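Okay, here's what each chain looks like letter by letter:
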Amino acid sequence: MIREGNIKYKVTPLSYVHIGNGSTYDPFSFVIKNGYAYNINQIAYIEYLKKTASAEFNKVLESEDYKSILRYLYDCFDPDNHLYLSRYPVNPDIESIFLEHIKNPDNQNQIWAFTKNALGVPYIPGSSVKGAIRSAIIAALQSKIQLKNLKSDFEFELLAGENDKKVTVSSDPFKYLKICDAPSSDDYLDIECIEQTYIDENKSSVPIYQETIKPSELPITKTTLTLSDNFLEHKGIQYLFPPQMKIIDKILAIFQTINRFYYNKIEELNKKITNPEIKDAYKLIILELKKLLSNNRSGNFILHIGKGAGTNLLQIQTPSSEFPKTISLVDKKPIGWLKFEFYK
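Being a predicted model, the structure only gives us computed values, none of them experimental. (Residues numbered from 1 in each chain as written. Predicted model: local features only at pLDDT ≥ 70, side-chain atom pairs only at ≥ 80, totals over all residues. Heavy atoms only, no water.)

Asker: What should I look at first to understand the overall build of the protein in this one?
Answerer: Along the protein, the regular secondary structure elements total nine helices and 16 strands. Burial analysis of the protein (344 residues in total) assigns 48% to the buried set. With an accessible surface of roughly 17400 Å², the protein has 49% of that area assigned to carbon and sulfur atoms. (Helix = DSSP H or I, 4+ residues; strand = E, 2+ residues; numbered from the N terminus. Buried < 20%, exposed > 50% of the residue type's maximum accessible area, 1.4 Å probe, protein only. Areas by Shrake-Rupley, 256 points an atom, 1.4 Å probe, with all protein chains shown as cover.)

Asker: Explain the sheet that holds strand S16 (residues 337-342) to me, please; I cannot follow it from the model alone.
Answerer: Two pairing modes exist for strands in a sheet, parallel and antiparallel, and in both the strands are linked by backbone hydrogen bonds. Here we have five strands laid out as an open sheet, ordered S8-S12-S1-S16-S13, and antiparallel in their pairing. The two strands at the open ends of the sheet, each matched to only one other strand, are strand S8 (177-179) and strand S13 (301-304). For this sheet, the mean inter-axis angle between neighbouring strands, taken without regard to orientation, is 30°. Sheet topology note: the S13/S16 ladder contains four bridges and is antiparallel. Following the sheet pairing, Ile302 is matched in S16 by Lys339. The strands touched by helix H8 (residues 247-272) within the sheet are strand S1 (5-13), strand S12 (221-227), S13 and S16, with S13 carrying the most contacts at an inclination of about 50°. Of the strands in this sheet, S13 and S16 are in contact with helix H9 (residues 283-294), which crosses S13 at around 145°. (Pairing = 2+ DSSP bridges. Axes fitted to C-alpha atoms, helices over the stretch in contact; angles between N-to-C directions. Contact = heavy atoms within 4.5 Å.)

Asker: Whenever I open this one, the nonpolar core confuses me. Can you help?
Answerer: One broad trend across soluble globular proteins is that nonpolar side chains are buried collectively. If you look at the biggest cluster of nonpolar residues, it comprises 89 residues, and the most contacted ones within it are Ile133, Ile137 and Leu225. Residue contributions to this core peak at ten residues, all from H8. If we skip the residues at most four places from it in the chain, Leu225 touches Gly5, Asn6, Ile7, Tyr9, Ile133, Leu177, Lys178, Ile179, Phe255 and Phe301. (Core = buried A, V, L, I, M, F, W, Y, C linked by side-chain atoms within 4.5 Å.)

Asker: Would you mind going over the packing of aromatic side chains with me for this structure?
Answerer: For any pair of aromatic rings, the description rests on two quantities: the centre-to-centre distance and the angle between the ring planes. Under the criterion given, the structure shown has 18 aromatic pairs. Ring centres of Tyr282 and Trp337 lie 6.5 Å apart, and the angle between their planes is 90°; on these two criteria the pair is classed as edge-to-face. Linking Tyr282 in the loop between H8 and H9 with Trp337 in strand S16, this pair joins segments that are 55 residues apart in sequence. Under the relative-accessibility criterion, Trp337 is labelled buried at 1%. Grouped by ring-pair contacts, the aromatic residues Tyr9, Phe255, Phe301, Phe340 and Phe342 constitute a single cluster. (Phe/Tyr/Trp six-rings, centres within 6.5 Å; stacked < 30°, edge-to-face > 60°.)

Asker: I would appreciate a short explanation of the packing of helix H2 (residues 54-63) against helix H3 (residues 66-76) in the present structure.
Answerer: How two helices pack is summed up by the angle between their axes together with the distance between the axes. Relative orientation of the contacting elements H2 and H3 amounts to 150°, with a least axis distance of 8 Å. Considered as vectors, H2 and H3 are oriented roughly antiparallel to each other. In this structure, H2 uses Glu56, Phe57, Val60 and Leu61 to contact H3, whose residues at the interface are Ser68, Ile69, Tyr72 and Leu73. Across the contact of H2 with H3, the residue classes break down as six nonpolar, one polar and one charged. (Parallel < 35°, antiparallel > 145°, perpendicular 65-115°, else oblique. Nonpolar A, V, L, I, M, F, W, Y, C, P; charged D, E, K, R; others polar.)

Asker: I tried to follow the pattern of salt bridges on my own but got confused; where do I start?
Answerer: Once their charged atoms are close, side chains differing in charge can pair, the charge on each being opposite to the other. For the structure on display, the rule yields nine salt bridges. Of the charged contacts in the structure, one is a salt bridge between Glu100 and Lys103, with a shortest N-O distance of 4.0 Å. One end of the pair, Glu100, and the other, Lys103, are both in helix H4 (residues 92-103), three residues apart, so they sit about a helical turn from each other. In this structure, Lys291 and Glu288 form a salt bridge, with 3.9 Å as the shortest nitrogen-oxygen distance. In this pair, Lys291 and Glu288 both sit in helix H9, three residues apart, roughly one turn of the helix. Assessed through its relative accessible area of 11%, Glu288 is described here as buried. (Salt bridge = Lys/Arg side-chain N within 4 Å of Asp/Glu carboxyl O.)

Asker: Help me understand unusual backbone geometry, please; the structure alone is not making it clear to me.
Answerer: Peptide bonds are trans in most cases, and residues, glycine excluded, mostly fall at negative phi. With phi around 55°, Asn34 is a residue other than glycine that occupies positive phi space. Tracing the backbone shows Asn34 in the loop between strand S3 (30-33) and strand S4 (36-40). Asn34 gets classed as exposed once you look at its relative accessible area, which sits at 59%. The backbone phi angle of Gln244 is positive, close to 65°, even though this residue is not glycine. Residue placement: Gln244 occurs in the loop between helix H7 (229-232) and H8.

Here you go:
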């Protein structure tokens, strides 16, 4: 049974997921060659070049020609020398895109990296999960509470303490919600073309190439969510529950609030989508949410996270908010959806 304190979860990507670290790849640290993406052991690779081709290597560096240096590093890389930390297979089209970027680093064919720890292991940051939970809960509360009874700054009114003039760390209930980072593996990585597709007409913006976690039918990692009484008893969070509700029921209500929020928002989005190419884009996500909503004692929930999750659709709405005109898709399917399943 689920209870307050440390709650363990298995994490399954329902779609492609990109959580970036703000950097793009180049042959100093990353090479795509012969159908594989390689995370290069930089120190070992540089030492190898110094030892086997010192004069040529120094000549290229002294040229200070960035394109020539990138091309040299790419051409010299040989997977058979095992100067890499890890690898995973990629589509041949992605390899061509990477080569185009080497030839012309100023073009749009950049590949944005997935976030990784100091050891090069891809992971789902606990801070990103917490941010998604926070956004969903606050937006759900906003739709639940009549705005006319609140001040103009909804989040301030909701989260500030009784005597606070602003939201502070001490008054924010989400400081009592903690989520551990969830390390994954290169086995689940891929590089995909992400398109911003218009919901009302069949056109897309310039594609973006990003390292992603692939969809999976099985969990790919685990995390722990820590939920304390201080969170559940906060005056703002109390709007979610009827009086005298048991702790366990409050916890389950939190997760069902998230599921119901996403379900309602996607249903709202589906009514706005008139582009026939993406009319059924959210079919899988809706089916999963229906399953979770039909079992309100499971403690399982779905989150929208990373690339594609920052639209006005899933954030706090104000009178000036506009409905998003585009959504991020891979192969006409939405990205950024993770399922969290409770386990003992």
